Amino acid sequence: MTHSYFERLPPELLIPILNNLSGLECLDSIMQASPAAYRVFDTHYGEIFEPLLSSGDIHQFTVSLIRITAYLRTSSLPPHFHDLFSLRSCLAGETTTYKWDPPRWEHPPCPLPPEIPATTLRGILASHRKVVSLTVGCLDHYLDLFHALKPEHPVDKSFHFCHEEGEGKYDYVGAWQLSPPCEPFPVRDMGPPTWVEEQRAMRAFWRLELFRTARAAIEAGRLSWPADSETSERQVREMGTDPFTFYDITAGAWLSSFYSRYPLGHEVGNNWPRIRFELERDLDAEIMLTVQAYMAENRQSIAEHDFLARARRRWPAPAPEGPQDSEVLGIIWGVLRFYWDISGGVHHWEWPVSPIKHVSFEPFRVVGFAVWSEARMHAAGFLEHDMDCCQAAWRSILTPEMLDEVAREKVRHHVSDSEETDSDASENPGETVLPRWVVRSGLFTYTDRKRSRRRRSRVRAGEGTVS
């Protein structure tokens, strides 16, 4: 049998070669292919694993998740993890962008456990192999759905979704009722998923992996704190019920609860740091919901024995783009602001001008909006163009049933206003008086609205009546 030269290299030459690999994914591949690399790793894993983990191939937030997972698998925690509160503070401080002020976690990043066995690190590599396969499959799944979208922008680029009462205040029409003529947006293909998009999904899958590891440790009684700590057994058990409880984030409630937390007339400016903290944390939950939805929809395929072989990259592994913490989470200012604006958030103390204010994020989550980079969203016409054009683009991918739900929600929120009429209506008996809030889905188009104003002008000039 002929052996390759690589297999005959001594450890002192193999170790530098392994240390110069691009990251854990490459290390795992070479260990599966080379018995010599496998043997060298077993005896020199301390010199090999940590440099590759910290190489920048994986975002630093995910690196911290991997290290904490390694601690949990060795049934140990760092000495400064005094209770459940300190564990959660570490997870927030080392793996997210949203920080408490003053900070609740000021310790340096957790290193790997000093006495970690090689078997644990081989298990971490196996978990990373599965996470990479899930990441690739997830992005493939959502990219196919995203490419199938047909976003539209208004033909008239000066169009605005707004509530204007006009001269006589009888053509008051909600923004959700305006239907400007639209045309397909010229979508630019941004190619395969970027490093940023991979890191968003990968971090979410590693968060689920850490949660499963913690739950197994809880059920086996291996995760415990000193008797004098503030963590009770009940708290530990509750922490293992679901990943959202474990990470202390809210599943799918970020926009639906916004108006209850900051009601009409609330001074948003004075509370912006707190609002941003809550939106960042809630958007973080949306990314986890995105990968969970992929796993639920493809549960059978993922469970099959050849899933890892089938979930191969259709594109080269993207190169790191730098430690862009906020961008990896999808909480960059442009995306964050637009997610807020699209629901009417920036105008909630004035007129609710967004045409899709009461739409849940779910129809956008199922096509990967929480995962895609700002550049991909912009290239498809969903971000950073004129706000009204983007709102039209988001609305253009909704089904008629979803749009009907928007209209019903508007009726529910404004029914009292819709029953009012202006007091000066009686002064013009020849005019048909419309309610202050005209709640008739699809009644007015953009053209109808302008035509109505022209009619009213003729009425006031004595040329006729409004019919």
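If you're wondering where the values come from, they're calculated on a predicted model, not measured in any experiment.

Criteria and thresholds
- Residues numbered from 1 in each chain as written.
- Predicted model: local features only at pLDDT ≥ 70, side-chain atom pairs only at ≥ 80, totals over all residues.
- Heavy atoms only, no water.
- Helix = DSSP H or I, 4+ residues; strand = E, 2+ residues; numbered from the N terminus.
- Buried < 20%, exposed > 50% of the residue type's maximum accessible area, 1.4 Å probe, protein only.
- Contact = heavy atoms within 4.5 Å.
- Areas by Shrake-Rupley, 256 points an atom, 1.4 Å probe, with all protein chains shown as cover.
- Phe/Tyr/Trp six-rings, centres within 6.5 Å; stacked < 30°, edge-to-face > 60°.
- Lys NZ or Arg CZ within 6 Å of the ring centre and 35° of its normal.
- Core = buried A, V, L, I, M, F, W, Y, C linked by side-chain atoms within 4.5 Å.
- Axes fitted to C-alpha atoms, helices over the stretch in contact; angles between N-to-C directions.
- Parallel < 35°, antiparallel > 145°, perpendicular 65-115°, else oblique.
- Nonpolar A, V, L, I, M, F, W, Y, C, P; charged D, E, K, R; others polar.
- pLDDT = per-residue confidence, 0-100.
- Polar contact = N/O pair within 3.5 Å; in protein donor to acceptor, adjacent residues only side chain to side chain.

Let's talk about the overall build of the protein chain
Looking only at helices and strands, the protein chain has 21 helices and two strands in total. Looking at the protein chain as a whole, 50% of its 467 residues are labelled buried. In the protein chain, of all internal contacts separated by at least 6 residues, the share reaching a separation of at least 24 is 79%. For the protein chain, the exposed area adds up to about 22000 Å²; of that, 53% sits on carbon and sulfur atoms.

Looking at the packing of aromatic side chains
By the definition in use, this model includes 10 aromatic pairs. Taken together, a centroid distance of 6.0 Å and an interplanar angle of 70° make the contact between Phe 146 and Phe 369 edge-to-face. Taken together, the positions of Phe 146 in helix α7 (residues 118-147) and Phe 369 in the loop between α17 (362-365) and α18 (374-379) put the pair 223 residues apart, joining distant regions of the chain. Considered together, Phe 146 and Phe 369 belong to a single accessibility category, that of buried residues. Taken together, a centroid distance of 6.1 Å and an interplanar angle of 55° make the contact between Phe 146 and Phe 382 tilted. Here Phe 146 is found in helix α7, whereas its partner Phe 382 is found in the loop between α18 and α19 (387-396), with 236 residues between them in sequence. Just as Phe 146 is buried, Phe 382 falls in that class too. Three or more aromatic residues joined by ring pairs form one cluster here, namely Phe 146, Phe 364, Phe 369, Trp 372, Phe 382 and Trp 394. When the ring centre of Tyr 247 is taken as reference, the NZ or CZ atom of Arg 207 above it lies at 4.1 Å.

Topic: the side chain of Glu 198
Note on placement: Glu 198 falls in helix α8 (residues 195-219). With sequence-adjacent residues up to four places away left out, Glu 198 is seen in contact with Thr 135, Leu 139, Arg 313, Trp 315 and Pro 318.

Focus on the nonpolar core
In this structure, Leu 27 and Phe 369 are the most contacted members of the largest nonpolar core, which totals 96 residues. Ranked by residue count, the leading element in this core is α7, at 12 residues.

Some thoughts on the packing of helix α3 (residues 24-33) against helix α4 (residues 35-53)
Taken N-terminus to C-terminus, the directions of α3 and α4 make an angle of 170°; their axes are 10 Å apart at the nearest point. If you check the angle between α3 and α4, you find them roughly antiparallel. Each of Leu 24, Leu 27, Ile 30, Met 31 and Ala 33 in α3 lies in contact with α4, whose residues at this interface are Pro 35, Ala 37, Tyr 38, Phe 41, Ile 48, Phe 49, Leu 52 and Leu 53. A breakdown of the residues in the contact of α3 with α4 according to their chemical character gives 13 nonpolar, no polar and no charged.

Things to note about the confidence of the model for the protein chain
Detailed reading of the predicted coordinates is not advisable wherever pLDDT falls low. Scored by pLDDT, the protein chain has a mean of 75; 68% of the residues are at 70 or more. Low pLDDT (under 50) marks residues 166-172, which in the prediction has 27 contacts with non-local residues, meaning those over four places away or in another chain. Long-range and interchain partners of residues 415-467, a stretch whose pLDDT sits below 50, account for 81 contacts in this model, where long-range means more than four residues apart.

A look at the side chain of Ser 34
Following the sequence through the fold, Ser 34 ends up in the loop between α3 and α4. Separated by 2.4 Å, the side chains of Ser 34 and Glu 7 make a polar contact. The residues touching Ser 34, leaving out its near neighbours within four places in the chain, are Phe 6 and Glu 7.

As for the environment of Ser 29
Note that Ser 29 resides in helix α3. According to the relative accessible area criterion, Ser 29 is partly exposed, its value standing at 42%. Placed 100 residues apart in sequence, Ser 29 and Arg 129 show a C-alpha to C-alpha distance of 8.8 Å. Among the polar contacts made by the side chain of Ser 29, one reaches the main-chain carbonyl oxygen of Glu 25 at a distance of 3.1 Å.

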